[in-house]
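Overview (structure and organization)
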Amino acid sequence: MKLTCTRDNLYRGLSVTSHLGGKQVDLPILGNVLMKAGGGSLTLTATNLEIASSCLVRGKVDRDGEFTVPAKLFFDFVSLLPSEQVDLEVVDDVLQVRSGGFSTKINGLSASEFPLIPTLQDGQMYKFSASELREGITGALFAVSTNESRPELSGVSLRVHDAAVGTGKATLAATDSYRLSERIVDVQGSSEARAVIIPARTLAEVSRVISVSKDDVDTPEQIEVTIAENQILFRFGSIEIVSRTIDGRYPDYRQIIPTAFKTDAKFEVGTLIKAIKTASLFSRTGLFDITLTFTPSKKVISVRGADTTRGENVGECPAELAGVDNAVTVNYRYLLDGLQALAEPEATLQVIDGGNPCLLLPASDAAKKRSQYIVMPIKQ
């Protein structure tokens, strides 16, 4: 293998792929990145056996071939090179790198030891706005369960052409049984309705790739998503991410979403966040409880945290309130997560009573159609 490319193109390709494998005691090859030169370009591929990512790097190929080198070492080295031409050549199982005043040899392993990356068969392809999909992922991903006893909750439910929201829409939903976040995004492409559970790490990787690529001049506005049996493929320009999906049936979460409420509160998100953070300093360790009291006559939400050893704090957040006096105790971390994920200046919190779920929505009518967040109360 012998080729020439720019340092910036090589660095970008490695920034997409190099971190995925990590150290694997049983399979050291998974810590390597596969370099495959052919067809006038270099393809970099990395995998952890659950997810595989690849990136096409433009360059001039003088001799086709493939080889693997330690991913982190190679990335760290390339990041220190000057922004000049980089010459790569494999000689006697060693990658020789020349750029500027650098001449380096990196030991590697034969490409024949690298795992075979699966290809999707008979899948349905859909198109999403890359920026909108990333917002949807960010808005759902934080609510994924970290408890492995229920594998289906360790991923995000993706329902394309979801009947509950209509054709041309897709829902991303995540829950850990204590809170639930749902985002709705537009979708094009295949008209076939599909439902799949995507591992959280896969979507975190997709979000990261969209983020690091957003400033590239040739970055596409859309991302293609192909859903096949037990696998899903994300194609974003020259980048591909393929992953297994999670077996199982996602719970029918819509049946727990309340439709009628006794108290509605509209408020500035930043003001309530500050009141919650202050009260949280006095919440009980391990319970993380704060109590929100809604008083329509005073037009305020009172936020109280109390602990027998540390003391008590009560703060107020001005609000537009409708309905009856009410109060609910929640895990402050769950409520903060939902507020911070909204990325909206104003929000609405709807409450039935202290024993039923609360519904957090953006205040604007347009955003309400795209986002909702449920928090279960701590029952006293």
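Overview of the structure. Being a predicted model, the structure only gives us computed values, none of them experimental.

As a further point, take the overall build of the protein chain. Assigned secondary structure in the protein chain consists of seven helices and 26 strands. Judged by the C-alpha coordinates and their principal axes, the protein chain covers about 80 × 50 × 40 Å. The buried share of the protein chain, taken over its 380 residues, is 50%. For the protein chain, restricting intrachain contacts to residue pairs at least 6 apart in sequence, the fraction spanning at least 24 positions comes to 68%. Summing over all exposed atoms, the protein chain offers an accessible surface of approximately 18200 Å²; the carbon and sulfur share of this is 49%. Put simply, the protein chain has 40 plus and 46 minus side-chain charges, and the middle of one group is 3 Å from the middle of the other.

Once that is clear, we can look at the packing of helix H1 (residues 7-17) against helix H2 (residues 71-79). Relative to each other, H1 and H2 sit at 145 degrees, their axes nearing to 10 Å. Pair H1 / H2 crosses with left-handed handedness. In contact with Arg-7, Leu-10, Tyr-11, Leu-14 and Ser-15 of H1, H2 contributes Phe-74, Phe-75, Val-78 and Ser-79. Taken together, the residues of the contact of H1 with H2 sort by class into six nonpolar, two polar and one charged.

End to end, helix H3 (residues 130-141) covers 16 Å across twelve residues, agreeing with the expected 16 Å (1.5 Å per residue, within 8%). When H3 is considered as a whole, its buried residues turn out to be Ala-130, Glu-132, Leu-133, Gly-136, Ile-137, Gly-139 and Ala-140.

A few words on helix H5 (residues 269-280). Compared with the 16 Å implied by 1.5 Å per residue over twelve residues, the 16 Å span of H5 between its first and last C-alpha is a close match. If you follow the buried residues of H5, they end up packed against strand S19 (263-268), strand S20 (289-295), strand S21 (300-307), strand S22 (311-323), helix H6 (332-342) and strand S24 (346-351).

Here the focus is the nonpolar core. Residues Phe-128, Leu-158, Ile-223, Ile-227 and Phe-234 are the most contacted members of the largest nonpolar core, which totals 47 residues. Among all residues touching Phe-234, those that are not within four sequence positions of it are Ile-198, Thr-202, Leu-203, Val-206, Ile-223, Glu-224, Val-225, Ile-239, Glu-240 and Ile-241. Ala-265, Ala-275, Val-303 and Leu-321 belong to the second largest nonpolar core, which has 31 residues in total.

With that settled, the discussion passes to the packing of H1 against helix H4 (residues 200-213). Taken N-terminus to C-terminus, the directions of H1 and H4 make an angle of 160 degrees; their axes are 10 Å apart at the nearest point. It follows that H1 is roughly antiparallel to H4 by the angle criterion. As for the relative orientation of H1 and H4, their crossing is right-handed in sense. On the side of H1, the interface is formed by Arg-12, Ser-15 and Val-16, while H4 contributes Glu-205, Arg-208, Val-209 and Ser-213. Counted by class, the contact of H1 with H4 contains two nonpolar, two polar and three charged residues.

So, about unusual backbone geometry. The residue Asp-92 is not glycine, and still its phi comes out positive at about 55 degrees. Assignment of secondary structure puts Asp-92 in the loop between strand S7 (85-90) and strand S8 (94-99). Judged by its relative accessible area of 72%, Asp-92 falls in the exposed class. With a phi close to 55 degrees, Lys-299 is a non-glycine residue in the positive phi region.

Time to look at the packing of aromatic side chains. Summed over all chains, the structure comprises six aromatic pairs. Plain terms: the ring middles of Tyr-11 and Phe-75 are 5.2 Å apart, the flat faces sit at 25 degrees to each other, and that makes the pair stacked. With Tyr-11 in helix H1 and Phe-75 in helix H2, this residue pair connects regions lying 64 residues apart in the sequence. With centroids separated by 6.2 Å and ring planes inclined at 25 degrees, the aromatic side chains of Tyr-178 and Tyr-334 adopt a geometry described as stacked. Within this pair, whereas Tyr-178 is found in the loop between strand S12 (169-175) and strand S13 (179-186), its partner Tyr-334 is found in helix H6, the two being separated by 156 residues in sequence.

With antiparallel pairing, the twelve strands of this open sheet are ordered in space as S15-S11-S12-S13-S26-S25-S24-S19-S22-S21-S20-S23. Strand pairing shows two members of the sheet lacking a second neighbour, strand S15 (194-199) and strand S23 (326-331), which therefore form its edges. Neighbour-to-neighbour, the strand axes of the sheet open up by a mean angle of 25 degrees, direction not taken into account. Strands S13, S19, S20, S23, S24, strand S25 (358-362) and strand S26 (371-375) of the sheet are contacted by H6, whose axis makes an angle of about 95 degrees with S23.

This next bit is on the pattern of salt bridges. The tally for this structure, following the rule as stated, stands at 21 salt bridges. In this structure, Arg-179 engages Asp-176 in a salt bridge whose closest nitrogen and oxygen atoms are separated by 2.9 Å. Accessibility assignment for this pair places Arg-179 and Asp-176 in one class, buried. Here Arg-310 makes a salt bridge to Asp-307, at a shortest N to O gap of 3.7 Å. Overlapping salt bridges bring together Glu-132, Lys-169, Asp-186 and Arg-370 as one network.

Turning to the side chain of His-161, a few remarks are in order. You can see His-161 is positioned in the loop between strand S11 (155-160) and S12. Exposure remark for His-161: the relative accessible area of 11% places this residue in the buried category. Of the polar contacts made by the side chain of His-161, one reaches the backbone nitrogen of Gly-168; its length is 3.0 Å. Contact partners of His-161, with chain neighbours within four places excluded, come to Tyr-126, Gly-166, Thr-167, Gly-168, Lys-169, Ala-170, Val-187, Ser-190, Ser-191, Glu-192 and Ala-193.

Cut-off values and rules
Residues numbered from 1 in each chain as written. Predicted model: local features only at pLDDT ≥ 70, side-chain atom pairs only at ≥ 80, totals over all residues. Heavy atoms only, no water. Helix = DSSP H or I, 4+ residues; strand = E, 2+ residues; numbered from the N terminus. Buried < 20%, exposed > 50% of the residue type's maximum accessible area, 1.4 Å probe, protein only. Contact = heavy atoms within 4.5 Å. Areas by Shrake-Rupley, 256 points an atom, 1.4 Å probe, with all protein chains shown as cover. Lys, Arg positive; Asp, Glu negative; His and termini not counted. Charge placed at Lys NZ, Arg CZ, Asp CG, Glu CD. Axes fitted to C-alpha atoms, helices over the stretch in contact; angles between N-to-C directions. Left-handed = near helix turned anticlockwise from the far one by under 90°. Nonpolar A, V, L, I, M, F, W, Y, C, P; charged D, E, K, R; others polar. Expected span 1.5 Å × (residues − 1). Core = buried A, V, L, I, M, F, W, Y, C linked by side-chain atoms within 4.5 Å. Parallel < 35°, antiparallel > 145°, perpendicular 65-115°, else oblique. Phe/Tyr/Trp six-rings, centres within 6.5 Å; stacked < 30°, edge-to-face > 60°. Pairing = 2+ DSSP bridges. Salt bridge = Lys/Arg side-chain N within 4 Å of Asp/Glu carboxyl O. Polar contact = N/O pair within 3.5 Å; in protein donor to acceptor, adjacent residues only side chain to side chain.

That is the geometry; function is a separate question.
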